[in-house]
Amino acid sequence: MRPLLHLSGLLLSCLLLQSGPLAAQPLQLPEPLEVLPQQDPAKVELGRALFFDRRLSGDGTVSCAVCHIPDEAFADGQKISGAYPTNKHWRHTNSLLNVGYLDVFFWDGRSRSLEDQALGPIHSSFEMNLNPRFLVAKLREIPEYQELFVKACGGGATQERILDSLAAFERTLVVNDSPFDRYLRGEDEALSAQAKQGLEIFFGPRGNCGQCHSGPLLSDQKFHNLGVAELPELISDPQHRTTRNFFLGEMGLPPMERDPGYYAISRREKVLGAFRTPPLRQVEQSAPYMHNGSLGSLSEVIEFFNRGGGEDPNKSKLLKPLGLNEDEKQALEVFLRSLSGSYPQVRAPRPPGL
Amino acid sequence: MRLVIKHYPYRYRDYSYLAAQAAEAARAQGKFWEYFDLMMHEKKLSRDDLIGYARQLNLDVERFSSELDSETHRPRVEADVDLARKLDFYQTPTFVINGRALVGGRPIEKFRELIDAALAESKGGGG
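Residues numbered from 1 in each chain as written. Chains lettered and ligands numbered in written order. Predicted model: local features only at pLDDT ≥ 70, side-chain atom pairs only at ≥ 80, totals over all residues. Heavy atoms only, no water.

Glancing now at the interface of chain B and chain A. Every contact between the two is made by 14 residues of chain B and, on the other side, 14 residues of chain A. Contact between chain B and chain A buries roughly 1100 Å² in total, counting both sides, with carbon and sulfur atoms accounting for 47%. When the buried area of chain B at its contact with chain A is split by residue, Y10(B), Q91(B) and R106(B) rank highest and sum to 41% of it. Taken together, chain B and chain A are joined by 2 salt bridges. Between R106(B) and E72(A) there is a salt bridge whose closest N-O contact spans 3.1 Å. On the surface where chain B and chain A come into contact, there are 7 residue pairs in polar contact (both at pLDDT 80 or more). (Contact = heavy atoms within 4.5 Å. Buried area = accessible area lost by both parts, 1.4 Å probe. Salt bridge = Lys/Arg side-chain N within 4 Å of Asp/Glu carboxyl O. Polar contact = N/O pair within 3.5 Å; in protein donor to acceptor, adjacent residues only side chain to side chain.)

With that settled, the discussion passes to the domain arrangement of chain A. Residues and elements named next belong to chain A. Splitting chain A by domain gives domain 1 (41-170) and domain 2 (179-231 + 268-337). A C-alpha centroid distance of 29 Å is found between domain 1 and domain 2. The interface is formed by 24 residues belonging to domain 1 together with 18 residues belonging to domain 2. A per-residue breakdown of the area domain 1 buries against domain 2 is headed by K79, L102 and W107, which together make up 34% of the total. (Domains from an automatic or database assignment.)

Take the confidence of the model for chain B next. A residue-level look at chain B finds 98% of positions with pLDDT of 70 or above and a mean pLDDT of 92. In the model output, the complex is listed with pTM 0.91 alongside ipTM 0.81. (pLDDT = per-residue confidence, 0-100.)

A few words on helix α12 (residues 298-306) of chain A. All names here are of chain A. Buried residues of α12: L298, V301, I302, F304 and N306, and no others. Of the surrounding elements, those touching the buried residues of α12 are α13 (326-337). G308 lies just past α12 and shows a positive phi near 85°. (Buried < 20%, exposed > 50% of the residue type's maximum accessible area, 1.4 Å probe, protein only. Helix = DSSP H or I, 4+ residues; strand = E, 2+ residues; numbered from the N terminus.)

Attention shifts here to the pattern of salt bridges. Residues and elements named next belong to chain B. Scanning the entire structure with this criterion turns up 31 salt bridges over all chains. The salt bridge partner of R63 is E67, with a shortest N-O separation of 2.9 Å. Taken together, the residues span about one helical turn, with R63 and E67 both in helix α4 (residues 61-69) at a distance of 4 residues. You can call R63 partly exposed: its relative accessible area is 34%. Between E113 and K110 there is a salt bridge, with the nearest N and O atoms lying 3.6 Å from each other. Taken as a pair, E113 and K110 lie in helix α6 (residues 108-124) at a separation of 3 residues, close to a single helical turn.

Next up on the list: the domain arrangement of chain B. For chain B, the domain assignment lists domain 1 (16-86) and domain 2 (93-127). Computed over C-alpha atoms only, the centres of domain 1 of chain B and domain 2 of chain B are separated by 28 Å.

Attention now goes to the pairing of strand β1 (residues 94-97) of chain B. Residues and elements named next belong to chain B. Where β1 and strand β2 (residues 100-103) come together, 4 bridges link them in antiparallel fashion. In the strand pairing of β2, T94 is matched with V103. Between β1 and β2, which pair antiparallel one after the other, the connecting turn spans 2 residues, and N98 there sits at a positive phi close to 45°. (Pairing = 2+ DSSP bridges.)

A general trend in soluble globular proteins is that nonpolar side chains are found buried together. All names here are of chain A. One finds L50, F51, L139 and F149 to be the most contacted residues of the largest nonpolar core, which totals 51 residues. At the level of elements, α1 (41-51), α2 (64-67), α3 (114-123), α4 (132-140), α5 (143-153) and α6 (159-170) are the ones that each hand at least two residues to this core. In this structure, L139 is in contact with L50, Y145, Q146, F149, A157 and I162, ignoring residues within four places of it in sequence. Formed by 33 residues, the second largest nonpolar core is a distinct cluster that contains Y183, I201, L298 and F335. (Core = buried A, V, L, I, M, F, W, Y, C linked by side-chain atoms within 4.5 Å.)

We now examine unusual backbone geometry. With omega at -10°, the peptide bond leading from A287(A) into P288(A) counts as cis. With respect to the element layout, P288(A) can be found in the loop between β5 (275-276) and α12. A cis amide bond, omega -10°, links T92(B) with the succeeding residue P93(B). Checked against the element boundaries, P93(B) lands in the loop between α5 (74-86) and β1. Backbone geometry places R267(A), a non-glycine residue, at a positive phi of 65°. Its location among the elements puts R267(A) in the loop between α11 (263-266) and β5. Exposure remark for R267(A): the relative accessible area of 37% places this residue in the partly exposed category. In this model, E71(B) sits at a positive phi of 55°, which is unusual for a non-glycine residue. Mapping E71(B) onto the fold places it in the loop between α4 and α5.

What follows concerns the side chain of T93(A). Residue and element names in this part refer to chain A. In this structure, T93 sits in the loop between α2 and α3. Here the side chain of T93 touches D76 through a polar contact of 3.5 Å, side chain to side chain. At 3.0 Å, the side chain of T93 forms a polar contact with the side chain of S81. Excluding its chain neighbours within four sequence positions, the residues that come into contact with T93 are C67, H68, A75, D76 and S81.

Dropping the structure here:
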C-alpha cells in the first residue's frame, strides 16, 4: 500500500482506501499529547508512599493500588471493581494512565480535579472506608511520614497535603510513546498499514469514533449514552444494590434499578445513562470495558459499536450501525492496540514506619 | 497441574475463622472439597450450620464437633494467614498462577491467559 500523505502533521488525505463521495474529505487527526509540567519529586515520592499504603483504609487492607494495579494499567481487571472487605462495588475501575490530562473525573464526571477526586475513595464506605481526619491523625504519629511531609510540603500531614501529593504522583502516570503517538509526531512508519487502515476508520466516516474520542487524549470528556446494558447481578444482588442505592442517596436521588450516569450530577433526563467518554491510551491492557465492565474484549467493543451500540431510549444519535466487514474490524482492533506504549513501572516503597 | 487452597479468613468477621477450621476438620475425614462446596453454596457459617453440613456429608459428627470446639486445626489456618501477609495478599479471593497473582473475581479469559503462559513456560523449560 502507498504510504498515507501526512499534511502538516494534522491533516491526512484519505483518498487511498475509499472511493465515493466521502472519500475526498480530509481526515482530522488530534494534536500530539503535550508534555505535562514536571512534578515536584518530593511530592511524587510522598504520593507514591500514600498510594501504596493500606493504612489509608479503615481496616488496614485496602490501598489505592489494590484497585489501581500498577501491572494492569492501573485498573483492576475485574468487571466490577473490588471493594472494601465484605462489601461490593457497583462500577468498573478506571485506568489511571494519563489522568493528569483530564479535567473531568469518574464515569459520571462528579469530580473536577485530581485533588478533589482522591478524597472520594478514602472516605467511601465501599472503597477505603476511613474518615480522612482520622487518617491525618494516624499519619502525624508516624515520624517517617512526618519527614516525608516536611520535605514535600514544608509542614506536617494535613488532608490537603495528602490529596496534593496523591495527585502529584498520579500526574506522573503517563503514556505518550505509543506507535500512534509517534505517528502523530510525524513518524510515518510507526503504524503498520493495517493500523493506518484502522486509524482511517476510527477518525473517518466509516467508524466515526473520533466524534467522541477526540482531542489528544481521545476523549471529548463529555457524556454519551451508548446503551450499554446493565449487568444482571447489579440489579439482583443485595450488596451491589446496597452500594448503588447508598450512592444515589448520597447524591440526593431515590433508589433506582439502573446506573443513572451523568444524570446524578446534571439532573437532566436526557443524560440518564450517559457516561464520560474514556481516554483510550493503553486500552488493550485494561479489559474488561465500559462503566460496568460488561464487554470483555476489544473485539466485543468493536462488535458493539458495529451494531450501533445497545438499546436505550436516550441513546446517542451519533451511534449508527456501521456495517464494518471482518477486514475493517480487524484493522480497527489493530489500531486500538497501537495506542499502547510504555508507562512508569512504579513499585510499592517500604511503608513508612513499618 | 495442581490446585492449592489457602485459607484467608477475614479478621473482623464472626465466623470466618470457624469456617476455615471446619473445612480443615472435614479434610481430616477426607471430605475437604465436598465440605468446601457445600459451605460456599449454603453461605451460612455459624457453629450449628457448620456441624449441620458435617452431618449432611456423613462425617463423624462427634469427632468433627470436638475438633472444631477445641480449635485443633487453628494452627494450620493461622499458618496460611501468616503466609498471605508475608506475600502481601490481603484480598479474597486472590489466585496465584505460577507466581503471578490475580486479585478478585476475574474474567475466565484472564485465567486462560496465565495458565497458557505457564504451560508454555514449563514446556520451554524442558520440564
